[in-house]
Each structure stands twice: as C-alpha cells, then as structure tokens.
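These are the residues of each chain, in order.
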Amino acid sequence: MRRYCCIFGAGIIAAFLLTVGIAFKIADVFPLWTANWLKGEITLSEGSKVFDTWKNPPSPVYMEFFFFNVTNSDAFLAGMEKPRVVEVGPYTYREYRPKENVTFVEEGTKVAAYTPKSFVFLPERSVGDPELDLITTVNVPAVAVMNKAKDSFMFGPMVKVWMKSLGYGLFTTRSINELLWGYEDKLLKKVNAFKKVETEFGFMLNKNGSHDGEFVYYTGEADYMDYGRVDTWKGESKLSFWSSNYSNSIQGSDGSAFHPYLTREERLHVFTPDLCRSIYMEFEKDVEVKGIPAYRFTPPRSVLASVEENPDNEGFCSPPGQCLGSGVLKVAVCKKDVPVVVSFPHFYLGDAEYYGAIEGLSPVREHHQTYVDLNPTTGVVVRANKRAQFNILLEKMSRFEFTRHLKKTIFPLFFLNETVVIDDASATRVNKLLMITKIASNFPIFIIGLGGLLVIAVIISINRLWKKKIFNLDLWMQ
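Criteria and cut-off values
- Residues numbered from 1 in each chain as written.
- Predicted model: local features only at pLDDT ≥ 70, side-chain atom pairs only at ≥ 80, totals over all residues.
- Heavy atoms only, no water.
- Pairing = 2+ DSSP bridges.
- Helix = DSSP H or I, 4+ residues; strand = E, 2+ residues; numbered from the N terminus.
- Axes fitted to C-alpha atoms, helices over the stretch in contact; angles between N-to-C directions.
- Expected span 1.5 Å × (residues − 1).
- Buried < 20%, exposed > 50% of the residue type's maximum accessible area, 1.4 Å probe, protein only.
- Arc of directions from axis to C-beta.
- Phe/Tyr/Trp six-rings, centres within 6.5 Å; stacked < 30°, edge-to-face > 60°.
- Lys NZ or Arg CZ within 6 Å of the ring centre and 35° of its normal.
- Salt bridge = Lys/Arg side-chain N within 4 Å of Asp/Glu carboxyl O.
- Disulfide = S-S within 2.5 Å.

Engineer: What exactly am I supposed to notice about the sheet that holds strand β4 (residues 110-114) here?
Structural biologist: Each strand in a sheet pairs with another by means of backbone hydrogen bonds, the pair being arranged parallel or else antiparallel. Read across the open sheet, the 4 strands follow the order β3-β4-β10-β11; overall the sheet is antiparallel. Edge positions in the open sheet fall to β3 (100-105) and β11 (230-233), since each of these has one partner strand only. This sheet shows a mean twist of 20 degrees between the axes of neighbouring strands, independent of strand direction. By the bridge criterion, 4 bridges tie β3 to β4 in an arrangement that is antiparallel. Residue pairing in the sheet places Val-105 in a bridge with Lys-110 of β4.

Quick look at the structure:
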C-alpha cells in the first residue's frame with residue numbers, strides 16, 4: 001500500500017513540475033528575472049558588481065607608439081621624390097587610468113569623475129631606448145609658427161629670419177623621448193618674446209599624470225541603456241569645435257563601459273577627446289576571448305568618409321566648406337590651429353591618394369584596424385585596440401622658399417595603439433557570472449527535465465508493479 005502511495009505522490013509531483021516548468025518557459029519568467037537582476041547589478045553605483053573595476057580597472061592597458069622616420073627629406077623638399085618613411089616601434093608604456101574625485105549627482109542617476117593617466121615605459125615590450133633612438137620627422141613647431149606667420153606682413157619676415165638664424169627647416173631629428181614628452185624649442189622661445197606661447201613641444205607634453213577634464217556619466221540605474229553614457233564633458237553637453245549639431249554632439253560612452261545585452265544590429269557611439277568628436281562602431285563578427293563569447297565592433301569607413309560618401313560629415317569640414325577626402329579628419333580647431341590631421345594608421349579606410357603619396361605606407365586591417373570586443377550579455381570589454389594616426393598638413397607657403405616644391409600632402413608623424421585584454425581574474429568572474437545567468441535562464445528547462453524524469457520513473461514503477469501483479473495472479477491460478 002505504501003508503494004502505491006509513493007507512486008501516486010511521485011506522479012502528482014511530476015505533473016506539478018511539468019506544469020510549472022512549461023508555464024515558466026512559456027511566460028519566459030526566469031530569463032526576464034535574470035536580465036532584470038543583471039541590469040540592476042551593472043550600474044555605476046556603490047556596491048554594484050562593476051563599480052570598483054570601473055574606478056580602478058584591473059586589466060593592464062598598454063600604449064604603443066610607432067613613429068615614421070623620414071629617410072629622404074632633402075630629395076622630398078627638392079621636389080625630386082615623394083617622401084619615404086620607415087615605421088619604427090613599438091615603444092610601449094603601461095598606462096594607469098584610475099578614476100578620481102568620483103561624486104554622485106542628481107540623486108545617484110549620474111556620477112562625475114576625472115581620469116588622470118600615467119605612463120611607465122616597458123623596455124621588454126619595446127624595440128629600443130626612447131632616450132637614445134632618433135627619429136627624423138616634420139618639425140611641427142616650425143610648421144605651426146609658419147602657418148601663423150604666412151599671411152602676416154610683420155610677423156612673417158621675423159619668423160623667416162629666426163628660422164634661418166637657428167638653422168631650422170621643415171624637418172628635425174629628435175629622440176623618441178623628446179618627441180613624446182617634450183623639449184624646449186628655440187623657435188617657440190623667440191615667438192614667446194613677442195607673444196605668449198608654450199615654449200615646449202611634445203606629442204604627449206604634460207599628458208603624463210594629467211586628465212582630459214571632468215566627465216559626468218549616467219549610472220544606468222534609471223535606464224540600463226544609459227549605463228556609462230557621457231552626459232557632459234568639462235561641464236558642457238555638446239562641443240563647439242564644429243559647424244553642425246550632429247558634429248558637435250557628445251554621444252555614447254568614453255569607451256570604458258558599455259550597456260549590457262548588446263545586439264549585433266545596434267550602433268555603438270564613443271566620445272574621444274583626442275579626436276575632438278564622437279565616433280561610432282558597428283558589429284563585425286563573433287569572437288571569443290579567454291572563453292568569453294564576444295561581439296567585435298569596429299568603426300566603418302563612413303565614420304571618416306568624405307562628404308560625398310557621407311553627407312553627415314559636412315560639419316567636420318574645417319574651415320567650413322573646405323573638406324578633405326575619405327579616411328582623414330582635420331582637427332586644427334581643437335589643436336591650437338596647428339594643421340593636425342587624424343586618421344587610422346597608414347590611412348587605413350582612407351583614399352588611396354593619401355597612403356599612395358608616401359612611400360613606406362601599406363594599410364592592413366589586422367594591424368591598423370580599431371576594434372573593441374564586448375561580451376554581449378554584460379557589456380564588459382574583453383579586448384580592445386584603439387589605433388589612431390596623427391599627421392600634419394604640409395603645403396606650399398610662398399613666404400618660405402624651402403616649401404616651393406611642396407604639394408599639398410598629409411604627412412604621417414606617428415600612430416598609437418592603446419590595447420587591453422581582460423585579465424585572468426576578471427575573465428574568471430565574468431565566466432562565472434555568465435554561467436549563473438545561463439543556469440538561471442534555463443531553470444524552467446531543468447524543472448521540466450526533472451518532471452520528465454519523475455514521469456519516466458512513475459511509468460517504470462507502475463509497469464513493474466503491473467508485471468508483478470500478473471505474475472502473482474498466475475501463481476495463484478496454478
């Protein structure tokens with residue numbers, strides 16, 4: 001009798017499990033609960049799973065610098081040859097970027113912070129000694145001064161005399177350290193005697209230990225889609241460098257945080273102060289990093305496309321109406337009017353006229369593409385390579401005779417690769433979190449499976465009892 005009761009009870013439990021499991025599966029309750037729980041955990045708030053790593057990123061960030069050494073400057077200036085360059089690098093630095101002065105505002109829906117960056121040289125990851133290695137490149141301070149003086153009847157002749165007395169020309173040879181972290185320039189010192197200017201020059205001058213200004217971010221508590229999105233930079237919600245609302249808009253995150261539950265169809269925006277603008281990225285392919293599934297997003301050609309290819313980019317023409325071709329962006333408006341042009345390394349995704357004008361350039365996607373690999377469930381960055389090339393616009397200036405053979409050329413100076421791969425400890429935590437969400441999301445299937453197993457057990461038990469009953473009946477009849 002007890003056996004029959006057990007079988008009957010197991011049958012009821014099996015039916016209950018199947019009913020509940022199927023109901024949960026149809027209602028999609030557990031995936032929804034898991035998603036809501038995860039969205040609540042991925043916020044920029046005290047005690048959340050991501051806040052501490054957002055403030056102090058544990059994964060090592062490396063900044064690699066590659067320089068273009070000019071090997072035929074005299075022949076180029078004489079108009080006999082197109083410029084020839086040799087890529088030299090990397091010179092690698094470990095980059096530290098903790099958040100400081102973190103302050104919650106507007107009832108915790110936004111958080112303000114500064115991100116000072118410091119750099120430590122890593123000889124084991126570099127090709128040489130930055131204090132000893134010399135590079136011949138464009139004399140950027142001279143070009144900047146010449147550009148200011150070219151139309152001045154008083155200042156122009158003075159600059160011409162200064163440059164001649166100093167033996168200055170269009171090119172200079174300096175150490176990597178000088179080019180990166182700065183040196184006192186003799187021409188700038190002379191200019192400073194008449195007009196207050198910075199007398200030191202370096203591509204990373206005053207950037208070791210400094211920050212890009214205050215950012216205010218959305219925490220994501222009110223809407224998970226806003227997680228990490230930049231609200232204001234230096235107190236402003238939009239830029240003022242460009243000539244259209246679209247160009248001046250601050251969109252997306254700063255590249256360190258992305259909202260969870262990404263899709264392949266969406267377009268991700270990133271605001272980059274170095275480029276003085278926001279850019280966007282689109283899905284390219286599925287990848288895997290340390291066992292973590294990820295979507296690769298990368299900027300398409302349209303980001304730096306010409307106005308003919310992408311009319312939205314007209315607002316980036318500087319001065320307005322003077323537009324360059326595809327693959328380059330003139331940023332003089334935010335670089336003290338120095339004719340700096342940014343692009344991807346080796347003019348990747350740019351017009352052939354740009355990399356074709358310089359011997360030694362060869363754009364290759366694997367080496368020059370910018371991309372970020374994001375886990376779609378959590379939005380965590382598992383790998384990234386941010387690559388940007390800085391160039392300078394050279395052209396003939398009638399006041400300076402040594403430029404008489406120059407054709408309008410966007411001349412490459414150097415490019416950088418800011419790279420990061422998720423550290424092992426963080427990868428383990430992300431994998432555990434993904435496992436938990438997977439188990440929780442599939443819990444209805446587990447219930448259905450358990451109910452199914454009980455049904456099978458009940459059927460087997462009933463079958464055995466039935467056979468035993470028939471066997472006992474046969475014995476009785478005999």
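Engineer: When you look at helix α6 (residues 155-166) in this model, what are you seeing that I'm missing?
Structural biologist: Because an α-helix completes one turn every 3.6 residues, residues spaced three or four positions apart along the sequence face the same direction. Between its first and last C-alpha atoms α6 spans 16 Å; for 12 residues at 1.5 Å apiece the expected length is 16 Å, and the two agree. Among the residues of α6, Phe-155, Gly-156, Val-159, Trp-162 and Met-163 are the ones counted as buried. For α6, the buried positions fall inside an angular range of 125 degrees around the axis, keeping them on one side. In this structure, α6 carries Val-161, Lys-164 and Ser-165 as exposed residues pointing more than 90 degrees from its buried face.

Engineer: Before we go on, may I ask you to explain the packing of aromatic side chains in this structure?
Structural biologist: How two aromatic rings sit relative to each other is given by the distance of their centres and the angle of their planes. Applying the stated criterion to the full structure yields 31 aromatic pairs. Residues Phe-347 and Tyr-354 carry aromatic rings whose centres are separated by 5.9 Å and whose planes lie at 35 degrees to one another, so their mutual orientation is tilted. Taken as a pair, Phe-347 and Tyr-354 share a single burial class, namely buried. A cation sits over an aromatic face here: Arg-174 above Tyr-183, 4.0 Å from the ring centre. Positioned over the ring face of Phe-316 is Arg-277, at 3.9 Å from the centre of the ring.

Engineer: Hey, could you run me through the pattern of salt bridges in this one?
Structural biologist: For side chains bearing opposite charge, pairing can occur when the charged atoms are close. Inspection of every chain in the model, using the stated rule, returns 21 salt bridges. Where Asp-226 meets Arg-229, a salt bridge forms, and the shortest distance between an N and an O atom there is 3.0 Å. As a salt-bridge pair, Arg-267 and Glu-282 come within 2.6 Å of each other at their nearest N and O atoms. A residue pair is termed long-range when its members are at least 10 positions apart, and Arg-267 in the loop between α9 (245-248) and β12 (268-272) and Glu-282 in strand β13 (residues 277-289) qualify at 15 residues. Classification of Arg-267 by relative accessible area gives partly exposed; the value is 41%. Accessibility expressed as a relative area gives 28% for Glu-282, which makes it partly exposed. Residues joined in a network through salt bridges with shared partners are Glu-95, Arg-97, Asp-274, Lys-386 and Glu-418.

Engineer: Any chance you could explain the state of the cysteines here in plain terms?
Structural biologist: Enumeration over the complete set of coordinates arrives at 2 disulfides. Sulfur-sulfur distance for the disulfide between Cys-276 and Cys-334 comes to 1.7 Å. The sign of the 75 degrees torsion about the S-S bond sets the Cys-276-Cys-334 disulfide as right-handed. Note that Cys-276 is positioned in the loop between β12 and β13 and Cys-334 in the loop between β15 (328-330) and β16 (340-343), a separation of 58 residues in sequence. Accessibility assignment for this pair places Cys-276 and Cys-334 in one class, buried. The disulfide partner of Cys-317 is Cys-323, and the S-S distance across this bridge is 2.0 Å. Of note, the bridge from Cys-317 to Cys-323 carries an S-S torsion of about 105 degrees and is right-handed in sense. When its relative accessible area of 7% is taken as the criterion, Cys-317 is described as buried. Numbered by order of appearance in the sequence, the disulfide-linked cysteines of the protein chain pair as 1-4, 2-3.

Engineer: It is not clear to me how unusual backbone geometry should be interpreted in this structure. Could you clarify?
Structural biologist: A negative phi angle is the norm for most residues apart from glycine, just as the trans form is the norm for most peptide bonds. Gly-89 connects to Pro-90 through a cis peptide bond whose omega is 10 degrees. Relative to the assigned elements, Pro-90 resides in strand β2 (residues 85-96). Although it is not a glycine, Asn-101 adopts a positive phi angle of roughly 50 degrees. When you line up the elements, Asn-101 lands in strand β3. In this structure Asn-101 comes out as exposed when scored by relative accessible area, which is 56%. Its identity is not glycine, yet Glu-107 carries a phi of approximately 55 degrees, on the positive side. Assignment of secondary structure puts Glu-107 in the loop between β3 and β4.

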